[in-house]
Amino acid sequence: MENRPLLEVENLDSGYGFLQVLWDVSLTVDRGEYVCLVGPNGAGKSTFLKSVAGLVSPMGGRVEFKGNVISRLPGNKICRLGISYISEELNLFMGMSVQENLAMGAFTVDDKSKILETQDFVFELFPVLKERRKQFAGTMSGGERKMLALGRGLMSSPVLLLVDEPSLGLAPQMTATVFRALDVLKEKGVTILLVEQNVTRTLQVTDRGYVLEKGKIILKGDSKDLSQDKHVRKAYLGI
Amino acid sequence: MAEVIERARMNGFKKALDVLCLTPLGLLCLVLLAVLPLVPPFNQEYLIRWMVVGLFMAAQAVAFDFTGGYINIVNFGFAAFVGLGAYTSAILSVKLGLSPWIGMFIGIFPAALVGFLTGVLTLRLRGIFAAVMAWFIGLAFWGLATKLVFLTEGPLGLNCPTLLQTSSNLPYFYIILVMFMISYVVLKRIVRSNMGLAFTAIGQNMEAARTSGINPTRYRIINFTLSCAFAGWLGGFYAHYYGILMPDVMHTSKTIEVLVVVYIGGRASLWGGAAIAIPFVFAMEMVRSVFSNYPGLNLIFYGLFLIVIMIYYPGGVAQFYAFLTERFKASRLVRLAVGNRLDSP
Amino acid sequence: MTMEKSQSLQLDQVIKGLKSPAGITIALSIVAAVAASIDNGFYVIVNTIVTGGMWALVAMGLALVFGVMNIVSFVHGEFFMIGSLTAYFTFTPFSDYLMDNPHPVAEALLPILAMLASVIAGIVVGILCELIVFRPLRKRTREQWVMNSFVITLGLSTFIINSSQFVFGTDFRGIVSYWDYPTLSIFGVYISFDRFLVFILAMLVLGLFWLFMKSSKFGRAIRAVSQDETGARMVGININGIQTLTMALSSALAALAGACLLFMYPAYPTVGLGPLYNSWFIVILAGMGNVVGAAVGAFVVALLQVLTTIYIGEGWDYTIPAACIILVLIIRPSGIFGSGVRGILDQ
């Protein structure tokens, strides 16, 4: 039992309606690991995360989390099991304040003191959120929204964090902040599956990586090895 | 190109059918319908009356589907436009002594004008808001018809001359049959043209239509105006068929009646609603007369029908027909294919 | 220094608020109400406030259903009707009994019981509608959801109205009053005890509702679903459950309004149409899906109707408001409070 991976995806096929995007994708993430999934635009990375998070229902294959099959569960149940998904579009509640957004993130948690504790942790991680507690999410800048989305995702104290393109559209400084936050989370023992376009940086910080192209996994391995790989260097690192 | 060649190859009969936008089956049904009131047991007055009501419903369904099915805006004030034509014609004939035959055509203008204005007013609104807006306009006119007693006699009803000095329903049957055919052919030909394509494009995705060079504003207004013009014309018939006109002709429930027929018949086909109008009216009248002790039972069925159709078969009868013909063609193709193989060594 | 600055900032905000369409409308309405009450007596304002409170209950439910479930509902008036029917059938038998055996406490509490019964009836019917009709439709309709759900509410409305007629007939079932207490006099205006208490009740319910939406877990979840459905699913909210809850809440509010107004609008099959028209005027005027806007808009529309009845005459009270709202929409299609944010309770 102990040596089973935390997340185990086997032969996943997925897509929207008649449009299949993913073919036979297999991937595993062990407890406490920091894994990345890289690939070009339109390769199906986001679809993969959405399929795991239960927002897109898979066409075939199996997704197992903590030994339970979750590929047929709706998104809200998957969230309760301890998977938190931070989407590219963030999906914040624009008409709610920062505080309310965080409270919504803890929707599945009933223990009040636990919620406060997590909230303090989030505020420690992103002090700017504490300053802007009362501000509406809709009036915040892109970087602040990204932090809020991450913070909201953390409020349910997830075991596994699925992060979709955290650096997209951010200034370098903000990107650094976000990556630092992810490092802190990893230190705290949160398992992270990261989808990124900033391949250089991603391969520097993560333990292992998968390369997804045209809906199929074409490469996998330790991040260090991947960054030495000929194909990766040519296609993503521009060397 | 291929279409042109095909057109050229058609013989006279096919050409005529094409002009009338009918399939051979459709023509057969029409001919049957035309002789039906002469054949017993259908030659009884009350059955012919049902048929007149059914045809009136069919013609309204065509005009309604022209907006609802194509540009995808349910004209929720539709009955008010019918009523507008009806009242115009009736008032002209009562107050000015104008012949109902002329009044019927004059009734087109106010309905078309208000339809045009509705189109202009709802331009900036999304589909559903446009529907609600049209509904408000309908409500406003319904209120006017109730309150402008000096013109409309209000809820007491406005007595107006009928088209003919006869108590027989048969002439009316042929009048409304012709009116129905005119509505159908004119609107169907428009729908088949490039303009129809533009309507469909707007109905499916307004932004996409706009970016591909279609001017949604213009087409929405044209569509609304035309549909309302026909509604007004049909209203004229209504007034001079019954000879009495009440504000409730504009009531929302009348719109819903047409809407039910169009949705069960199948949207965006024009013929779907028309085809089921007469059977539908017959069925409803039967229920009403069989269960005459339970008024309103037929309307319960109305509601149920609509709910079930919307959930389980939103394409309606038209979609079912398409499915059947597909099946038929497929089986014929299979037979042809098999036959060929048998012939060849 | 800072005090001054913050004060001037507040003043700026007030001026800015007044210049917005909502501010202009509200200011105009208040001026019109005051002018009319100087001209015609204070009862104009009292009438406006009392009926406005009721329409607020109905319209907020309508706005809620649109905001959360994206349903343009035509069936909302039927919940009102069901509420008034239930209240009638709960109230009259006991009331007849109490006529013979007077009991002051029971007499005072009976109307509340009737209203509770209608709220429960509203909840039950709302949930049934969601489970039997809207959920199957949601599973099958993707693209044309707004139009299709609208049409299906037409079918539901026809079905419920005629079933009610089928079962209960077309009789008007009304009561003279809930509480047989003497009329009150407020600022020289006589107002029946019923109207007064019912208004207080409506305001109480509005306040509770607002609190629920603002600070309870499920109220917040409802708002979350209306603002971002995917986001709501991501944080673990069961969308189906929230939609059922929304439907139940909105129909309960309408049913409560129906019960409260039983002494003014007797129960009969199509009694819901008037409230439906009114609440649509309100919702469109305020901006679709804006619940707070609907509560305010209710008073504007109520004033419009009171003024119409006084200065133009009985029976014009749909035509004139409809015309006014069409005019407003020509200038500002998104309603006076705007519906830029597809949220509720938040502007």
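This text follows the structure it describes.
Right, let's walk through the structure included here. (Residues numbered from 1 in each chain as written. Chains lettered and ligands numbered in written order. Predicted model: local features only at pLDDT ≥ 70, side-chain atom pairs only at ≥ 80, totals over all residues. Heavy atoms only, no water.)

Examining the overall build of chain A
Across its full length, chain A carries ten helices and ten strands. For 239 residues, the compact-globule estimate of 2.2 N^0.38 gives 18 Å, and the C-alpha radius of gyration of chain A, at 17 Å, lies within 12% of that figure. Counting only C-alpha atoms, chain A reaches 45 × 40 × 40 Å along its principal axes. Counting all 239 residues of chain A, 55% fall into the buried class. Looking at chain A as shown, the accessible area adds up to about 10700 Å², and 50% of this sits on carbon and sulfur atoms. Where the 30 positive side-chain charges of chain A centre and where its 28 negative ones centre are 3 Å apart. (Helix = DSSP H or I, 4+ residues; strand = E, 2+ residues; numbered from the N terminus. Rg over C-alpha atoms; globule rule 2.2 N^0.38 Å. Buried < 20%, exposed > 50% of the residue type's maximum accessible area, 1.4 Å probe, protein only. Areas by Shrake-Rupley, 256 points an atom, 1.4 Å probe, with all protein chains shown as cover. Lys, Arg positive; Asp, Glu negative; His and termini not counted. Charge placed at Lys NZ, Arg CZ, Asp CG, Glu CD.)

Looking at the overall build of chain C
The helix and strand inventory of chain C stands at 13 helices and two strands. Computed over the C-alpha atoms, the radius of gyration of chain C is 21 Å, within 12% of the 20 Å expected from 2.2 N^0.38 for a compact globule of 347 residues. Taken along its principal axes, the extent of the C-alpha atoms in chain C is 70 × 55 × 40 Å. Every one of the 347 residues in chain C was classed for burial, and the buried ones make up 57%. Once local pairs closer than 6 in sequence are excluded, the contacts in chain C between residues at least 24 apart make up 77%. Side-chain charges in chain C split into 17 positive and 17 negative, and the spacing between the mean points of these groups amounts to 18 Å. (Contact = heavy atoms within 4.5 Å.)

Here's the deal with the pattern of salt bridges
For the coordinates displayed, the defined rule picks out 15 salt bridges over all chains. Residue A:E8 pairs with A:R4 through a salt bridge whose shortest N-O separation is 3.4 Å. Judged by its relative accessible area of 39%, A:R4 falls in the partly exposed class. With a shortest N-O distance of 3.1 Å, C:R223 and A:E100 are connected by a salt bridge. With C:R223 in helix α8 (residues 217-227) and A:E100 in helix α3 (residues 98-105), this pair bridges two chains. Residue C:R223 is classed as buried on the basis of its relative accessible area of 0%. A single salt-bridge network, built from bridges that share partners, covers A:R4, A:E8, A:E10, A:R62 and A:E64. (Salt bridge = Lys/Arg side-chain N within 4 Å of Asp/Glu carboxyl O.)

Structural notes on the packing of helix α2 (residues 21-40) of chain C against helix α12 (residues 291-311) of chain C
Residues and elements named next belong to chain C. Interhelical geometry of α2 versus α12 gives an angle of 35° and a closest axis separation of 10 Å. Here α2 and α12 pass one another in a crossing that is left-handed. Where α2 approaches α12, its residues T25, I26, S29, A32, A33, A36, D39 and N40 are matched on the opposing element by V296, V300, L303, L307, I310 and Y311. Per-class residue counts for the contact of α2 with α12 are ten nonpolar, three polar and one charged. (Axes fitted to C-alpha atoms, helices over the stretch in contact; angles between N-to-C directions. Left-handed = near helix turned anticlockwise from the far one by under 90°. Nonpolar A, V, L, I, M, F, W, Y, C, P; charged D, E, K, R; others polar.)

Here we look at helix α7 (residues 172-187) of chain A
Residues and elements named next belong to chain A. In this model α7 runs 23 Å from its N-terminal to its C-terminal C-alpha over 16 residues, within 8% of the 22 Å that 1.5 Å per residue would give. T175, A176, V178, F179, A181, L182 and L185 are the residues of α7 that are buried. Buried residues along α7 sit against β3 (34-38), α4 (112-125), α6 (142-154), β7 (160-164), β8 (191-196) and α8 (199-205). Note on α7: the residue one or two positions beyond its end, G189, has a positive phi of about 95°. (Expected span 1.5 Å × (residues − 1).)

A short note on the packing of aromatic side chains
Under the definition given, this model contains 41 aromatic pairs over all chains. Centroid distance B:F76 to C:F150: 5.0 Å. Interplanar angle 75°. Geometry classified as edge-to-face. With B:F76 in the loop between α4 (45-68) and α5 (78-95) and C:F150 in helix α6 (residues 145-168), this residue pair bridges two chains. Residue classification places C:F150 among the buried positions, given a relative accessible area of 3%. An angle of 85° between the planes, with centres 5.2 Å apart, marks the rings of C:Y88 and C:F89 as edge-to-face. Of the residues examined, C:Y88 reaches a relative accessible area of 16% and is grouped as buried. Relative accessible area serves as the criterion here: at 36%, C:F89 is assigned to the partly exposed category. Clustering of aromatic rings is evident, with ring pairs tying together B:F76, B:W135, B:F136, B:W142, C:F74, C:F150, C:Y277, C:F281 and C:Y318. Cation over ring: A:K188 sits above A:F121, and NZ or CZ is 4.0 Å from the ring centre. (Phe/Tyr/Trp six-rings, centres within 6.5 Å; stacked < 30°, edge-to-face > 60°. Lys NZ or Arg CZ within 6 Å of the ring centre and 35° of its normal.)

A closer look at a nonpolar patch on the surface
Together, B:L25, B:L28, B:L32, B:V35, B:L38, B:V39 and B:Y321 make up a nonpolar patch on the protein surface, roughly 600 Å² of accessible area in all. As for its position among the elements, B:L38 is in the loop between α3 (24-35) and α4. (Patch = residues over 30% accessible without salt bridge, like charges linked within 9 Å, V, L, I, M, F, W, Y side chains within 5 Å.)

Here we look at empty space enclosed by the protein
Scanning the model with the defined rule gives four cavities of 30 Å³ or more in all. Here the largest cavity defines a volume of roughly 70 Å³. Every residue along the wall of the largest cavity is listed here: A:C79, A:S84, A:Y85, A:I86, A:L90, A:G105, A:A149, A:R152, A:G153, A:S156, C:M234 and C:V235. Where the lining of the largest cavity is concerned, the elements lending two or more residues are β6 (83-86) and α6 of chain A. (1 Å grid on protein atoms, 1.4 Å probe; cavity = no way out; pocket = protein on both sides within 12 Å on 5 of 7 lines; lining within 4 Å. Points joined across faces, edges and corners; volume = space filled by probe spheres on them.)

Some points on the arrangement of the chains
The chain pair with the greatest number of contacts, out of two pairs of chains in contact, is formed by chains B and C. Regarding chain A and chain B, which are not in contact, the minimum distance between any of their C-alpha atoms is 18 Å.

Overview of the nonpolar core
Core analysis: the biggest nonpolar cluster contains 216 residues, and B:W135, B:F136, B:F180, B:F237, C:Y178, C:I237 and C:W280 have the highest contact counts within it. Sort the elements by how many residues they give to this core and α4(B) lands first, with 15 residues. C:I237 has contacts with A:N76, A:M104, A:F107, C:A221, C:A224, C:V225, C:A232 and C:I242, leaving out every residue within four places of it along the chain. A:L90, A:F121, A:L161 and A:L194 belong to the second largest nonpolar core, which has 43 residues in total. (Core = buried A, V, L, I, M, F, W, Y, C linked by side-chain atoms within 4.5 Å.)

What about the interface of chain A and chain C?
In this complex, chain A contributes 23 residues to the contact, which on the side of chain C involves 19 residues. Interface of chain A and chain C: buried area, both sides summed, is about 1800 Å²; carbon and sulfur atoms make up 62% of it. Interface area lost by chain A to chain C is led by A:N76, A:F93 and A:F107, which between them contribute 31%. The tally of links from chain A across to chain C stands at two salt bridges. Between chain A and chain C we count six residue pairs in polar contact (both at pLDDT 80 or more) in total. Split by residue class, the side of chain A that touches chain C holds twelve nonpolar, seven polar and four charged. (Buried area = accessible area lost by both parts, 1.4 Å probe. Polar contact = N/O pair within 3.5 Å; in protein donor to acceptor, adjacent residues only side chain to side chain.)

Observations regarding a negative patch on the surface
The grouping of A:D111, A:E117, A:D120 and A:E124 at the surface amounts to a negative patch. Its location among the elements puts A:E124 in helix α4.

A closer look at the sheet that holds strand β5 (residues 68-69) of chain A
Read from one edge to the other, the open sheet built from four strands follows the order β2-β1-β4-β5 (chain A), with strand pairing classed as antiparallel. Here the strands that pair on one side only, and so sit at the sheet edges, are β2 (19-29) and β5 of chain A. (Pairing = 2+ DSSP bridges.)

Thoughts on unusual backbone geometry
Residue A:N11 is not a glycine yet carries a positive backbone phi of 50°. Owing to a relative accessible area of 39%, A:N11 belongs among the partly exposed residues under this scheme. One non-glycine residue with positive phi stands out, namely C:N70, at about 60°. Among the structural elements, C:N70 can be located in the loop between α3 (43-69) and α4 (76-100).

A look at the sheet that holds strand β10 (residues 216-222) of chain A
Paired through backbone hydrogen bonds, the strands of a sheet run either parallel or antiparallel to each other. Residue and element names in this part refer to chain A. Here we have six strands laid out as an open sheet, ordered β6-β7-β8-β3-β9-β10, and mixed in their pairing. Edge positions in the open sheet fall to β6 and β10, since each of these has one partner strand only. Here the average twist between neighbouring strands, direction ignored, is 15°. The sheet contact formed by β6 and β7 spans four bridges and is parallel.

Structural notes on the interface of chain B and chain C
Facing the 42 residues of chain B at the interface are 42 residues of chain C. For the pair chain B and chain C, the summed buried surface comes to about 3800 Å²; carbon and sulfur atoms form 80% of the total. On the chain B side of the contact with chain C, B:I128, B:F136 and B:I311 bury the most area, a combined 16% of that side's loss. Taken together, the links from chain B to chain C amount to zero salt bridges. Where chain B packs against chain C, one counts one residue pair in polar contact (both at pLDDT 80 or more). At the level of elements, α8 (127-147), α14 (252-265) and α16 (297-312) of chain B are the ones that each hand at least two residues to the side of chain B that touches chain C.

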